[in-house]
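Structural overview for review
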Amino acid sequence: MNEKLGLPVGTTLDRFIMRKQEDFPFATGELSQLLRDIALAAKIVNREINRAGLLDVTGAYGQQNVQGEDQQKLDVIANIRFIRALRNGGEVCSIISEEEDDVIQTGNTRGKYIVAIDPLDGSSNIDVNVSIGTIFSIYRRISDQGCDGTMEDCLQSGTRQVAAGYVIYGSSTMLVYTTGAGVNGFTYDPTLGEFFLSHPNMCTPKTGKIYSINEGTYNSFPEGVKQYVQYCKENEYSARYIGSLVGDFHRNLIKGGIYIYPATAKAPNGKLRLMYECNALAFIAEQAGGKATNGAQRIMELVPTELHERCPLFIGSPEMVDKAEEFLKVEVAVS
Ligand code: P6P
């Protein structure tokens with residue numbers, strides 16, 4: 001009985017960040033503080049999501065974002081929470097948000113970092129209690145401190161990310177992030193208001209039997225994607241698609257699988273956004289041993305030209321992404 005008394009509660013996110021900072025002798029703590037600012041906003045958004053049915057925060061906000069998508073009330077709330085946390089934290093000079101047409105200048109002209117964020121992805125699922133998420137990328141500014149961030153600061157390739165991650169508001173709330181030295185997952189304990197390390201050194205299986213794609217748009221898929229979907233059916237893979245990228249990605253990261261959002265008739269460049277969805281998850285996937293491409297090129301090597309540009313996404317277990325690309329190459333060869 002005695003051995004059960006006083007068991008350690010585990011490693012908090014704060015302590016983990018501080019320990020990792022010690023691994024970077026020249027680290028001055030700004031990135032650590034920035035990660036804490038994101039975690040704080042995630043705790044606040046988590047609280048509002050968990051009470052969504054009790055507060056008047058479900059349903060449509062009544063406006064569309066720059067993407068022409070109907071904003072949900074929680075989209076707007078999450079956007080406010082993350083922008084406020086990043087502005088007040090002082091480490092970020094500029095923010096690219098799915099919910100904002102233009103770059104948000106925080107006024108922190110000494111801030112060394114840029115954040116690209118989807119404050120609440122999959123928000124159409126809020127009203128039906130399906131997992132949703134926040135996705136973020138962190139870049140170091142290129143321009144000198146002392147002024148607002150520039151467009152060059154904002155439009156950097158994914159290979160220049162210094163950190164990236166997501167929060168999944170699901171059966172439990174988790175924050176999963178990388179600074180380029182592996183992927184670690186933290187589970188939120190609302191009774192203590194802390195994230196605790198629960199998934200150290202996350203590695204994705206090299207292959208799997210789960211494929212995630214919206215087959216409702218099958219008829220307009222590129223031929224190679226149609227061939228790969230048929231290959232999955234012939235091999236009796238499991239089709240798992242919940243309409244929430246973070247939920248599908250997180251499941252596939254742990255169990256092995258592939259998520260595909262290809263070019264379609266309705267979305268000729270795919271639906272997902274390069275700066276604040278694809279790059280962040282590509283960094284996580286690669287750091288966990290996975291792969292992320294647009295069907296031909298590594299996502300993180302794509303050179304962005306617009307804040308809200310879209311790209312096709314093939315992401316997950318490396319052998320599954322390779323197999324999908326084999327079918328796409330055959331399509332190109334015969335076309
Ligand atoms: P569709 C949510 O809007 C989202 O950006 C992702 O979270 C999700 O995977 C995808 O779009 C769903 O799109 O066209 O299949 O409904």
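Residues numbered from 1 in each chain as written. Predicted model: local features only at pLDDT ≥ 70, side-chain atom pairs only at ≥ 80, totals over all residues. Heavy atoms only, no water.

**Remarks on the site of the ligand**
Quick reminder of the rule: The criterion for a residue being near a molecule or strand is simple. One of its heavy atoms has to lie within 4 Å of it. In protein, a polar contact requires one atom able to donate a hydrogen and another able to accept it; more generally it is a pair of N or O atoms within 3.5 Å, and residues adjacent in sequence count only if both atoms are side-chain atoms. Per-residue accessibility takes into account occlusion by the displayed protein chains alone, with areas from the Shrake-Rupley method and a 1.4 Å probe. Throughout this entry, Asp, Glu, Lys and Arg are counted as charged residues, while Ala, Val, Leu, Ile, Met, Phe, Trp, Tyr, Cys and Pro are counted as nonpolar. The remaining residues, Gly among them, count as polar.
Inspection of the region around the ligand gives Asp121, Gly122, Asn214, Tyr241, Gly243, Ser244, Leu245, Tyr259, Tyr261, Lys271, Leu272 and Glu277 as its neighbouring residues. Contact distances for the ligand include 2.6 Å between an oxygen atom and a side-chain N or O atom of Asp121. Taking Tyr241, its side chain carries an N or O atom lying 2.6 Å from an oxygen atom of the ligand. In the complex, the protein chains occlude 81% of the 400 Å² of accessible area that the ligand would expose alone. Residue classes in the shell around the ligand are distributed as five nonpolar, four polar and three charged.

**A word on the UniProt feature "binding site: Mg(2+) 2" (unreviewed entry) in the protein**
Threshold: UniProt positions are given in the numbering used here, feature names are shortened, and annotations may be inferred rather than shown by experiment. Definitions used throughout: a 1 Å grid over protein atoms alone; a cavity as a set of points that fits a 1.4 Å probe which cannot get out; a pocket as an open set with protein on both sides within 12 Å along at least five of seven lines; a lining residue as one with an atom within 4 Å of a point. Per the convention used, a helix needs a DSSP run of H or I reaching at least four residues, while a strand needs a run of E reaching at least two, with both numbered from the N terminus. Accessible area is worked out with a 1.4 Å probe on protein chains only. A residue is then buried under 20% of its type maximum, exposed over 50%, and partly exposed in between. A contact between two residues is defined here by any heavy atoms of the two lying within 4.5 Å.
In the numbering used here, UniProt assigns the "binding site: Mg(2+) 2" (unreviewed entry) feature to Asp118, Asp121 and Glu277. In terms of the greatest pairwise C-alpha distance, the residues named above, spread along 160 residues, form a tight cluster of at most 8.6 Å across. Considered against the largest pocket, the annotated residues that line it turn out to be Asp118, Asp121 and Glu277. Along the chain, Asp118 turns up in strand β5 (residues 113-121). According to the relative accessible area criterion, Asp118 is buried, its value standing at 0%. The contacts of Asp118, once residues within four sequence positions are left out, are Glu98, Gly133, Thr134, Ile135, Tyr276 and Glu277. Mapping Asp121 onto the fold places it in strand β5. A residue is classified by how much of its surface remains accessible, and Asp121, at 8% relative accessible area, is buried. Beyond its immediate sequence surroundings of up to four residues, Asp121 is in contact with Ile132, Gly133, Ile135, Ser244, Leu245, Val246 and Glu277.

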